[in-house]
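Chain by chain, the residues run as shown.
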Amino acid sequence: MRKRARPTACSASGTSLRDHWHVRTPRWSELDKAFSDDMFLPDGIVEATDSGDWQAALNLPAARGWQVRSPDGTRLEDLSIERLLADDQLHTIAIWPSRGVQINLFPRSLSSIDFDFSTREVVDQASFDVLCDFLRSLGRVVGKPVKVLFEGTDLEILRYEPGSDGCVLAEI
């Protein structure tokens, strides 16, 4: 069987990663080289969102049975993104899709869903599977790609693609 060439994370050709890769659940060993011993907080983003996408994201933890801590103890399903954005505070919504893996949502803008996580918590295949499950779940409820980027850059590490319903790794 002939191996496919792995595209770079930022392809100028206009084709997406799913056009080049057979989509499957990535292996931790493929990502481990990007996560050095030093902790960093990869940035996650869903672009071109609206209030409906945000409400779907806020409803997701309850639907999946995930632990959550909202800014003021309010159930996420009872929060609105408009209310979070209106008070001029930087809120953090902590979600634990599994014990030991925390994802932080940052309601900063209606036009994107921003989040991060610590590489110290994604340490093996099981915790990596939890991360991929979160990306798939979020991507499914909003029907949009979910990107994980190196902190403070536009360089992709990982992406959920709704057309293939899978996560793919960028060449690192």
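Because the structure is predicted, anything quoted here is derived from the model rather than measured.

## Focus: the overall build of the protein chain
Reasoning step 1: A tally of helices and strands in the protein chain yields four helices and eight strands.
Reasoning step 2: Reading the protein chain from its N terminus to its C terminus gives the helix and strand order α-β-α-β-α-β-β-β-α-β-β-β.
Reasoning step 3: Across the 172 residues that make up the protein chain, the buried fraction comes to 47%.
Reasoning step 4: Across the protein chain, the fraction of contacts at a sequence separation of at least 24, relative to all contacts at a separation of at least 6, is 59%.

## Considering the pairing of strand β6 (residues 146-149)
Reasoning step 1: Here β6 shows two buried faces, one formed by Val 146 and Val 148 and the other by Lys 147 and Leu 149.
Reasoning step 2: Alignment of strand β1 (residues 43-47) against β6, held across three bridges, turns out to be antiparallel. In the strand pairing of β6, Asp 43 is matched with Leu 149.
Reasoning step 3: The turn linking β6 back onto strand β7 (residues 156-161) is made up of six residues, and Gly 152 within it adopts a positive phi angle of 75°.

## A look at the side chain of Asn 104
Reasoning step 1: Within the secondary structure, Asn 104 sits in strand β4 (residues 101-109).
Reasoning step 2: Residue classification places Asn 104 among the buried positions, given a relative accessible area of 16%.
Reasoning step 3: If sequence neighbours within four positions are ignored, Asn 104 has contacts with Thr 92, Ile 93, Ala 94, Asp 114, Phe 115 and Asp 116.

## A closer look at the environment of Arg 136
Reasoning step 1: Note on placement: Arg 136 falls in helix α4 (residues 125-142).
Reasoning step 2: Along the primary structure Arg 136 and Pro 162 are separated by 26 residues, whereas in three dimensions their C-alpha atoms are 8.0 Å apart.

Definitions and limits used
- Residues numbered from 1 in each chain as written.
- Predicted model: local features only at pLDDT ≥ 70, side-chain atom pairs only at ≥ 80, totals over all residues.
- Heavy atoms only, no water.
- Helix = DSSP H or I, 4+ residues; strand = E, 2+ residues; numbered from the N terminus.
- Buried < 20%, exposed > 50% of the residue type's maximum accessible area, 1.4 Å probe, protein only.
- Contact = heavy atoms within 4.5 Å.
- Pairing = 2+ DSSP bridges.

Any link to function would need more than the numbers given here.
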